[in-house]
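What follows is each chain in one-letter form.
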Amino acid sequence: MSETMILVVEDDDAVRDLIAAALETQEYNCHTAANGTQALLEATAQNPDAILLDLGLPDLDGIEVIKRIRTWSNKPIIVISGRTEDKDKIEALDAGADDYLTKPFSVNELLARVRVTLRRLAYMNDETKSDSAVFRNGSLTIEYASGCAYLDGRELHLTPNEYKILCLLAKNVGKVLTRTYIIKEIWGGTWENNVASLRVFMATLRKKLQEDTAHPQLIQTHVGVGYRMLRSGGDEKGKTNRG
């Protein structure tokens, strides 16, 4: 049995058992919860490596569960929901979810998304541990070793995907990164709905980086192409930049 622990939050017994059985075939250590209250208790007690979360829970809405977990944990949350409207997906991603899979879903796609999420998380953790450098660009500071980002000395509370996108842009500061490239680096694939997810994450990241999103100072959109982190001037690594 793998040491990787995944919490499955689903009130439908059949769906919960299906997901748990699929995860166990891949030798993941699986815990389950049938409602939001139980999910919060399990998430606190078990500290899972990832959470698979249904939104339509009998006691707490899944969006509320995401928000509460995000007050103390940045572990990946993959939503699995029957809600197919764009507004539902945007609300979940805005609250702090990392991915969104609609029901009915393919078990193979679910397992692929779990693998990608865990692989990217492990990659980022290994990379930040091996990189002791500090990135500075104007008021933005990223401490790769600790996995923390700061704006004007204030720690930014980022979701795992927001942090990964920020690091990807920082390590390519001044360069335009295409949407396809970013999606492949963050999600490991080019699922069509990840384009919409990327837009949401960029919007939430911008809100955390700057108050005036209409006049970007750090992240610039190249319409139809992708995004670029603007260079504030000076040496962005190892020095405090000005300007």
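Below is a short write-up of the structure. Worth saying up front: this structure is predicted, and the values here are computed from it rather than measured. (Residues numbered from 1 in each chain as written. Predicted model: local features only at pLDDT ≥ 70, side-chain atom pairs only at ≥ 80, totals over all residues. Heavy atoms only, no water.)

A look at the overall build of the chain
For step 1, the next point in the chain: Secondary structure summary: the chain contains 8 helices and 12 strands in total.
For step 2, the next point in the chain: Looking at the 243 residues of the chain, the share that counts as buried comes to 49%.
For step 3, the next point in the chain: Within the chain, counting contacts between residues at least 6 apart in sequence, those at least 24 apart form 60% of the total.
For step 4, the next point in the chain: For the chain, the accessible area works out to roughly 11600 Å², and carbon and sulfur atoms hold 47% of it. (Helix = DSSP H or I, 4+ residues; strand = E, 2+ residues; numbered from the N terminus. Buried < 20%, exposed > 50% of the residue type's maximum accessible area, 1.4 Å probe, protein only. Contact = heavy atoms within 4.5 Å. Areas by Shrake-Rupley, 256 points an atom, 1.4 Å probe, with all protein chains shown as cover.)

Structural notes on unusual backbone geometry
For step 1, the next point in the chain: Of note, the bond from Lys-103 into Pro-104 is cis; its omega dihedral lies within 30 degrees of zero at -5°.
For step 2, the next point in the chain: With respect to the helices, strands and loops of the structure, Pro-104 is situated in the loop between β5 (99–102) and α5 (107–130).
For step 3, the next point in the chain: A positive phi angle, close to 65°, is found at Glu-27, a residue other than glycine.
For step 4, the next point in the chain: Its place among the elements puts Glu-27 in the loop between α1 (13–25) and β2 (29–33).
For step 5, the next point in the chain: Given a relative accessible area of 49%, Glu-27 falls into the partly exposed group.

With respect to the pattern of salt bridges
For step 1, the next point in the chain: Within the structure shown, the criterion is met by 10 salt bridges.
For step 2, the next point in the chain: We note a salt bridge from Asp-54 to Lys-103, for which the minimum N-O separation is 3.4 Å. Of this pair, Asp-54 sits in the loop between β3 (50–53) and α3 (62–70) while Lys-103 sits in the loop between β5 and α5, and the two are 49 residues apart along the sequence.
For step 3, the next point in the chain: Exposure remark for Asp-54: the relative accessible area of 6% places this residue in the buried category.
For step 4, the next point in the chain: Classification of Lys-103 by relative accessible area gives partly exposed; the value is 24%.
For step 5, the next point in the chain: In this structure, Glu-162 and Lys-208 form a salt bridge, with 2.7 Å as the shortest nitrogen-oxygen distance. Here Glu-162, found in helix α6 (residues 160–170), pairs with Lys-208, found in helix α8 (residues 194–209); they are 46 residues apart in sequence, far enough to count as distant.
For step 6, the next point in the chain: On the accessibility criterion, Glu-162 (2% relative accessible area) is buried.
For step 7, the next point in the chain: The exposure class of Lys-208 is partly exposed, given its relative accessible area of 28%.
For step 8, the next point in the chain: One salt-bridge network, in which partners are shared between bridges, spans Glu-10, Asp-54 and Lys-103. (Salt bridge = Lys/Arg side-chain N within 4 Å of Asp/Glu carboxyl O.)

With respect to the packing of aromatic side chains
For step 1, the next point in the chain: Applying the stated rule across the entire model yields 0 aromatic pairs.
For step 2, the next point in the chain: Geometry around Tyr-144 places Lys-171 over its ring, the cationic atom sitting 4.5 Å from the centre. (Phe/Tyr/Trp six-rings, centres within 6.5 Å; stacked < 30°, edge-to-face > 60°. Lys NZ or Arg CZ within 6 Å of the ring centre and 35° of its normal.)

Here we look at the environment of Leu-52
For step 1, the next point in the chain: Turning to its location among the elements, Leu-52 is positioned in strand β3.
For step 2, the next point in the chain: A residue is classified by how much of its surface remains accessible, and Leu-52, at 2% relative accessible area, is buried.
For step 3, the next point in the chain: With 44 residues separating them in the primary sequence, Leu-52 and Val-8 have C-alpha atoms 4.8 Å apart.
For step 4, the next point in the chain: Discounting chain neighbours no more than four positions away, the residues touching Leu-52 are Ile-6, Leu-7, Val-8, Val-9, Ile-19, Leu-23, Ile-78, Ile-80, Leu-110 and Val-114.

As for the sheet that holds β5
For step 1, the next point in the chain: Pairing is parallel across the open sheet formed by 5 strands, whose spatial order is β2-β1-β3-β4-β5. The outermost strands of the open sheet, each flanked by one partner alone, are β2 and β5. Within this sheet the neighbouring strands show an average axis-to-axis angle of 20°, counted without direction.
For step 2, the next point in the chain: Sitting on the sheet, helix α2 (residues 36–46) is in contact with β1 (5–9), β2 and β3, with an inclination near 145° to β2. (Pairing = 2+ DSSP bridges. Axes fitted to C-alpha atoms, helices over the stretch in contact; angles between N-to-C directions.)

Things to note about the side chain of Arg-70
For step 1, the next point in the chain: Mapped onto the elements of the fold, Arg-70 is located in helix α3.
For step 2, the next point in the chain: Reaching out from Arg-70, the side chain makes a polar contact with the backbone oxygen of Gly-96 at a distance of 2.9 Å.
For step 3, the next point in the chain: For Arg-70, the side chain forms a polar contact with the side chain of Asp-98, separated by 2.9 Å.
For step 4, the next point in the chain: Those residues within four positions of Arg-70 in sequence are excluded, and the remaining contacts are Lys-75, Pro-76, Ile-77, Ala-95, Gly-96, Asp-98, Thr-159 and Pro-160. (Polar contact = N/O pair within 3.5 Å; in protein donor to acceptor, adjacent residues only side chain to side chain.)

Describing helix α7 (residues 179–187)
For step 1, the next point in the chain: Within α7, burial applies to Ile-182, Ile-183, Ile-186 and Trp-187. Looking straight down α7, one finds its buried side chains confined to an arc of 100°; they lie on one side. Exposed residues on α7 whose side chains face more than 90 degrees from its buried face are Thr-180 and Lys-184.
For step 2, the next point in the chain: Phi turns positive, to about 80°, at Gly-188, one or two residues after α7. (Arc of directions from axis to C-beta.)

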